[in-house]
Amino acid sequence: MGNVKALILAAGKGVRMNSERPKVLLEVNGLPLLWYPVCAAKAAGAEEVLVVVGAGREEVQEAFTDDGLTFVIQQEQRGTGHAVISAREALSGFDGYVLVLCGDSPFIESDTLERLVSHTERTGAACTILTSILDDPAGYGRIVRGEMGVREIVEEKCADEAQKAIREINSGTYCFRWRDLDGVLDGLRDENPQGEYLLTDAIGLLIARGSRVEAVVSGDPQEGLGVNTRAQQADASKILRRKVLDRLMAEGVTVVDPVSAFIDPRAEIGPDTVINPFVVIEGPVKIGARCRIGPFTRIRGATRLGEGVHLGNFVEVTRSAVSEGSRALHLAFVGDATVGGDVNIAAGVITANFDGNAHRVTEIGDGASVGAGTVLVAPCRVAAGGRTGAGAVLTRGKTVPSGEIWVGVPAKELVRDGHTNG
Ligand code: UD1
Ligand code: CA
């Protein structure tokens, strides 16, 4: 998509959340609300993603500091129209389309955004609004249509009984030809029951000026929903979680119990991997094909699992790479570790990865076998083919060489009948 920028409105406090934190940082399905529209805007190919921040803006900027966003500050939250006015300077001279999204609308899909742009281009409209038809439209802006198409958007607070009965609602996602929108912003007034400058009124102004305004109904009514309350936050988490699982299942992953599998939207999992009940995956984790995960397994950080890895019950793996065919079947903690292929990590193995100041690395080579209850005090290493006995404590800085078995506390090479193990 050429010549398209995204503008995400995220300055509101989210009063109905009763939170100390800005609403867009509250999590749905493990990620901040704002992550979702940002991700959709990027995937739709927006050349720049601008985010209007206000309430708790330092926190928001901090949380998204690595995401390549342009932050625009709205000093006082005086409405969605006012939020767009705050971005005027950042968009000055821009001669293209601006996708406006709400920071509290996590269901928006990138292909819908692309469709809004192509519809606007094709029809020569000044604006295309994404709408949804809801059984219960309460709380949303209603789309009032006339003979000439969309006539206006009426907010709940301003609507009369007949308008409240309209089930087509404004999703708060639009594609504007920026120059047209920019041309009407000065006409916005805050004389309305909200006492705010409403972006929806800008659409009325465009229509009054004779500009064409289009509305596209979303194929999925859910797409237009916003998150304004804790109850909606919980519902949204559930829906988004299922969406991730549906995507993974379509890609060939078996999810034994979708009710108890919590998988980060950024996770990638290869085909024929089985996710057993009560698995939690947090972070941009990559899991190869034919793995078996769970039940009761937690995988975190940027962990990578090769093909055919098997992690069983009560195993936690964080910030680690585990190569093909390795196993940790029961009660283990593997953190900041590099684990080779075909390694066996027995029950109760712990990488003691934190020395009180920093996380330290453990290396376990191909074909190694770490005995039950071994504590690996990082930094330390078990070389390829090395082994530890049950209960060994491999102390900091030590290496179990290839082919040796180390046992005891602190672990030393096992010597039987005066002979070392070869
Ligand atoms: C808005 C729409 C409504 C639509 C609904 C969809 C308006 C006037 N109303 O209502 O038609 O049905 O979204 O969810 O646009 N924000 C700012 N600065 C402000 C005010 C709001 O950045 O001064 C941001 C908020 O952080 C939020 C978004 O704009 O992410 C929408 O604001 P919100 O107050 O939630 O609007 P709604 O009442 O939900
Ligand atoms: Ca909202």
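Residues numbered from 1 in each chain as written. Chains lettered and ligands numbered in written order. Predicted model: local features only at pLDDT ≥ 70, side-chain atom pairs only at ≥ 80, totals over all residues. Heavy atoms only, no water.

Draft legend 1. Focus on the overall build of the protein. If you tally the helices and strands in the protein, you get eight helices and 37 strands. In terms of principal-axis extent, the alpha carbons of the protein reach across some 95 × 40 × 40 Å. Buried residues in the protein amount to 50% of all 422 residues. Counted over contacts in the protein with a minimum sequence separation of 6, partners at least 24 positions apart contribute 44%. For the protein, the exposed surface amounts to about 18,600 Å²; the carbon and sulfur share of it is 49%. Across the protein, the 44 positively charged side chains and the 55 negatively charged ones have centroids separated by 4 Å. (Helix = DSSP H or I, 4+ residues; strand = E, 2+ residues; numbered from the N terminus. Buried < 20%, exposed > 50% of the residue type's maximum accessible area, 1.4 Å probe, protein only. Contact = heavy atoms within 4.5 Å. Areas by Shrake-Rupley, 256 points an atom, 1.4 Å probe, with all protein chains shown as cover. Lys, Arg positive; Asp, Glu negative; His and termini not counted. Charge placed at Lys NZ, Arg CZ, Asp CG, Glu CD.)

Draft legend 2. Broad picture of helix 8 (residues 230–250). Between the first and last C-alpha of helix 8 there are 30 Å, a value that for 21 residues agrees with the 30 Å anticipated at 1.5 Å per step. When helix 8 is considered as a whole, its buried residues turn out to be Q233, A236, S237, L240, R241, V244, L245 and L248. Projected down its long axis, helix 8 shows its buried positions confined to an angular sector of 170°, all on one face. Residues of helix 8 that are exposed and angled more than 90 degrees away from the buried face: K238 and A250. (Expected span 1.5 Å × (residues − 1). Arc of directions from axis to C-beta.)

Draft legend 3. Molecular detail of the site of ligand 1. Close to ligand 1 lie 21 residues; Q74, G79, T80, E155 and N170 are nearest. Between Q74 and ligand 1, the recorded distance is 2.7 Å, taken from a side-chain N or O atom to a nitrogen atom. For ligand 1, whose free accessible area comes to 760 Å², the fraction covered by protein is 89%. For the shell around ligand 1, the secondary-structure elements that each account for two or more residues are helix 3 (80–86) and strand 10 (168–177). Class assignment for the residues of the shell around ligand 1 results in seven nonpolar, 11 polar and three charged. (Near = heavy atom within 4 Å. Polar contact = N/O pair within 3.5 Å; in protein donor to acceptor, adjacent residues only side chain to side chain. Nonpolar A, V, L, I, M, F, W, Y, C, P; charged D, E, K, R; others polar.)

Draft legend 4. The domain arrangement of the protein, seen in detail. If you check the domain split of the protein, you get domain 1 (4–217) and domain 2 (230–420). Computed over C-alpha atoms only, the centres of domain 1 and domain 2 are separated by 43 Å. On the domain 2 side, the residues contacting the 13 residues of domain 1 number 13 residues. A buried area of about 1,200 Å², summed over both sides, lies between domain 1 and domain 2, and 60% of it is on carbon and sulfur atoms. When residues of domain 1 are sorted by the area they lose upon contact with domain 2, M17, N29 and F107 head the list and together hold 48% of the total. A salt bridge links E109 to K243, with the shortest nitrogen-to-oxygen separation between them at 2.8 Å. Applying the counting criterion to the domain 1 and domain 2 interface returns four residue pairs in polar contact (both at pLDDT 80 or more). Of all elements in the fold, only strand 2 (27–28) and helix 1 (35–43) reach the threshold of two or more residues within the side of domain 1 that touches domain 2. Here the side of domain 1 that touches domain 2 is composed, by residue class, of eight nonpolar, three polar and two charged. (Domains from an automatic or database assignment. Buried area = accessible area lost by both parts, 1.4 Å probe. Salt bridge = Lys/Arg side-chain N within 4 Å of Asp/Glu carboxyl O.)

Draft legend 5. Structural context of the pairing of strand 11 (residues 213–217). Taking burial as the measure, the five residues of strand 11 include four buried ones, the bulk of the element. Bridge count for strand 7 (residues 127–133) against strand 11 is five bridges, and the pairing is parallel. Residue pairing in the sheet places T128 in a bridge with E214 of strand 11. (Pairing = 2+ DSSP bridges.)

Draft legend 6. Region of interest: the packing of aromatic side chains. Within the structure shown, the criterion is met by four aromatic pairs. Aromatic side chains Y174 and F176 sit 5.3 Å apart centroid to centroid with 35° between the ring planes, which places their arrangement in the tilted category. Here the aromatic rings of F278 and F296 are separated by 4.9 Å at their centres, their planes lie at 5°, and the arrangement is stacked. Of this pair, F278 sits in the loop between strand 15 (274–275) and strand 16 (279–282) while F296 sits in the loop between strand 18 (292–293) and strand 19 (297–300); the two residues are 18 residues apart in sequence, bridging distant segments of the chain. Under the relative-accessibility criterion, F278 is labelled partly exposed at 44%. Within the aromatic cluster, the residues linked to one another by ring pairs are F278, F296 and F314. (Phe/Tyr/Trp six-rings, centres within 6.5 Å; stacked < 30°, edge-to-face > 60°.)

Draft legend 7. How the structure looks around the coordination of the calcium ion (ligand 2). D104 (OD) and N228 (OD1) make up the full set of protein donors to the calcium ion (ligand 2), lying at 2.3 to 2.5 Å. With D104 in the loop between strand 6 (97–102) and helix 4 (110–123) and N228 in the loop between strand 11 and helix 8, this residue pair connects regions lying 124 residues apart in the sequence. (Donors = N, O, S within 2.8 Å, 3.2 Å for Na, K, Ca; no water.)

Draft legend 8. Inspection of the nonpolar core at higher detail. Residues I263, I275, I281, L311, I345 and I364 are the most contacted members of the largest nonpolar core, which totals 42 residues. If near-sequence neighbours (up to four positions away) are discounted, I281 is found in contact with F262, I263, D264, A267, I269, I275, I287 and I299. Counting residues in hydrophobic clusters, the runner-up holds 39 residues, among them I8, V49, V60 and F107. (Core = buried A, V, L, I, M, F, W, Y, C linked by side-chain atoms within 4.5 Å.)

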